Amino acid sequence: METRLEEIDGKYVATLVGEMDTLAAQQTEKVLKPLYNSNGKDVIIECENLEYIASSGLRILLGILKGAKAQGSQVTLRHVNDDIKNVFRLTGFISIFEFE
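Residues numbered from 1 in each chain as written. Predicted model: local features only at pLDDT ≥ 70, side-chain atom pairs only at ≥ 80, totals over all residues. Heavy atoms only, no water.

A. Just the packing of aromatic side chains, in detail. Taken as a whole, this structure holds four aromatic pairs when the rule is applied. Centroid distance Phe-88 to Phe-99: 5.5 Å. Interplanar angle 90°. Geometry classified as edge-to-face. On the criterion of sequence distance, the pair formed by Phe-88 in helix α3 (residues 82-91) and Phe-99 in strand β5 (residues 98-99) is long-range, its members being 11 residues apart. The exposure class assigned to Phe-88 is buried, which follows from its relative accessible area of 1%. Overall, Phe-99 belongs to the partly exposed group, its relative accessible area being 24%. These aromatic residues form a ring-pair network of at least three members: Phe-88, Phe-93, Phe-97 and Phe-99. (Phe/Tyr/Trp six-rings, centres within 6.5 Å; stacked < 30°, edge-to-face > 60°. Helix = DSSP H or I, 4+ residues; strand = E, 2+ residues; numbered from the N terminus. Buried < 20%, exposed > 50% of the residue type's maximum accessible area, 1.4 Å probe, protein only.)

Following this line, the structure appears as structure tokens:
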């Protein structure tokens, strides 16, 4: 699992590559920890190359969403494949996240 975090044009952009299983989610959370306090900046999570997400990964994304919304920021999941989107659908998260 590879996780990158950048600031581009005043927005945070997180790129997720590979399989976010429980073990990988621990490392991913360390990289994405700044997003829990987005300081009013919008957050884009690029999922084009995300192949799998475990419940621990969903928990991380939910934490980012809660923190961002509390500060008036928006979180957008970009380029989510059908398999990952189905996980969001099955968990009910499909209705609380914005997708591009």
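B. View of helix α1 (residues 22-32). Regarding α1, the residues found buried are Ala-24, Ala-25, Thr-28 and Leu-32. Looking down the long axis of α1, one finds its buried residues gathered within 100° of arc, a one-sided arrangement. α1 presents Leu-23 and Lys-30 as exposed residues on the side facing more than 90 degrees away from its buried surface. Contacts from the buried residues of α1 go to β1 (2-8), β2 (11-20) and α2 (55-70). (Arc of directions from axis to C-beta. Contact = heavy atoms within 4.5 Å.)

C. Just the pattern of salt bridges, in detail. The final tally for this structure, using the stated rule, is four salt bridges. Between Glu-2 and Arg-4 there is a salt bridge, with its nearest N and O atoms 2.4 Å apart. Glu-2 sits in the partly exposed class, given a relative accessible area of 38%. A salt bridge links Lys-41 to Glu-7, with the nearest nitrogen and oxygen atoms 2.7 Å apart. Placement of the pair is Lys-41 in the loop between α1 and β3 (43-53) and Glu-7 in strand β1, with a sequence separation of 34 residues. Overall, Lys-41 belongs to the partly exposed group, its relative accessible area being 23%. (Salt bridge = Lys/Arg side-chain N within 4 Å of Asp/Glu carboxyl O.)

D. Representation of unusual backbone geometry in the model. Even without being glycine, Asn-39 reaches a positive phi, approximately 55°. Mapped onto the fold, Asn-39 is located in the loop between α1 and β3. Positive phi, close to 60°, is recorded for His-79, a residue that is not glycine. Mapping His-79 onto the fold places it in the loop between β4 (75-78) and α3. You can call His-79 partly exposed: its relative accessible area is 42%.

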